[in-house]
Amino acid sequence: NSLIGVLAVQGDVREHARSLESLGAATRLVRRPEELDGLDGIVLPGGESTTMDKLLRAFDLRDPLRERLQAGLPAYGSCAGMILLADHVLDATADQQTLGGLDVTVRRNAFGRQVDSFEEDLSMPAVMGERTDPVRAVFIRAPWVESVGPDVQVLGTVTTGPAAGRIVAVQQNNLLATSFHPEVTGDHRIHEYFLRMAQR
Ligand code: GLN
């Protein structure tokens, strides 16, 4: 039985904890460096990446968390969490930093020019498992992945509309990231996929 931390400085904390617990995982809300000890994985929720970055630094969590990620701690970042994991961010604020580790460039609020929030069905073969129905993805002022490095696996892309072809789910070794919010749909397959990463 895995113990999964949920970074709890801001954002969709409870919803992620609930999804993980419904799959049988134990969860711990993480606000202090000591709370990183003994975790099998950590979720970085959606919220506002600039605020989360400031709070990570204010709570002295940034450096210890970076070290854990580099040492191989499985992490799943959703939306703002994806931005936190990215090595490069377009349309970042002037002093915005990330944890990094994921060899991607993301663009903040990338879909905003079309529409703020929307839903899409995504075909994600690696994640869908036995079920063949698509993954329902909810995007809220979401980033997209503008480009990926050679070691990054693309798990999902938008298929229809003006953003067709845009990458919205990626994995590189211990790091998983989605532009969208699986914690609000009741479809737990992204969390299930992450728990399998955390069990390895
Ligand atoms: N637009 C937010 C940011 O830049 C992300 C939105 C979200 O996490 N729902 O951090």
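Values in this document were obtained by computation on a predicted structure and should not be read as measured data. (Residues numbered from 1 in each chain as written. Predicted model: local features only at pLDDT ≥ 70, side-chain atom pairs only at ≥ 80, totals over all residues.)

Q: Can you tell me about the overall build of the chain, naming the residues and giving the values?
A: Looking only at helices and strands, the chain has 6 helices and 12 strands in total. Relative to the 2.2 N^0.38 estimate, which gives 16 Å for 200 residues, the radius of gyration of the chain is 15 Å and therefore close to what a compact globule would have. By principal-axis analysis of the C-alpha atoms, the chain measures approximately 45 × 45 × 30 Å. Here the chain, with 200 residues, has 45% of them falling under the buried criterion. Contacts in the chain between residues far apart in sequence, at least 24 positions, make up 65% of those at least 6 positions apart. (Helix = DSSP H or I, 4+ residues; strand = E, 2+ residues; numbered from the N terminus. Rg over C-alpha atoms; globule rule 2.2 N^0.38 Å. Buried ≥ 20, exposed ≤ 12 C-beta atoms within 10 Å, placed from the backbone. Contact = placed C-beta atoms within 7 Å.)

Q: Can you explain the UniProt feature "binding site: L-glutamine" (unreviewed entry) in the chain? Please cite residues and give values.
A: If you check UniProt for "binding site: L-glutamine" (unreviewed entry), the listed places come out as G47, E48, S49, R108, I140 and R141 in our numbering. Considering the C-alpha atoms alone, the annotated residues occupy 95 residues of sequence yet fold into one spot, their largest mutual distance being 12.8 Å. Tracing the backbone shows G47 in the loop between β3 (41-44) and α2 (49-58). The class for G47 is buried, based on 22 C-beta atoms found within 10 Å. Dropping the residues within four chain positions of it, G47 is found in contact with Q10, G11, D12, M52 and A80. (UniProt positions renumbered as here; feature names shortened; annotations may be inferred.)

Q: I'd like a rundown of the pairing of strand β12 (residues 175-178), residues and numbers included.
A: Of the two faces of β12, the one holding L175 and A177 and the one holding L176 and T178 are both buried throughout. Relative to β12, strand β4 (residues 75-78) runs parallel, the two sharing 4 bridges. Bridging across to β12, G77 finds its partner in A177. Here strand β11 (residues 167-172) runs beside β12; their pairing, made up of 4 bridges, is antiparallel. Its bridge partner lying in β12, A169 is registered against T178. (Pairing = 2+ DSSP bridges.)

Q: Would you mind going over unusual backbone geometry in detail, with residue names and values included?
A: Despite not being glycine, C79 shows a phi value in the positive range, around 55°. With respect to the helices and strands, C79 occurs in the loop between β4 and α4 (80-85). The phi dihedral of N109 is positive, around 50°, even though this residue is not glycine. A tally of 15 C-beta atoms within 10 Å means that N109 is categorised as partly exposed.

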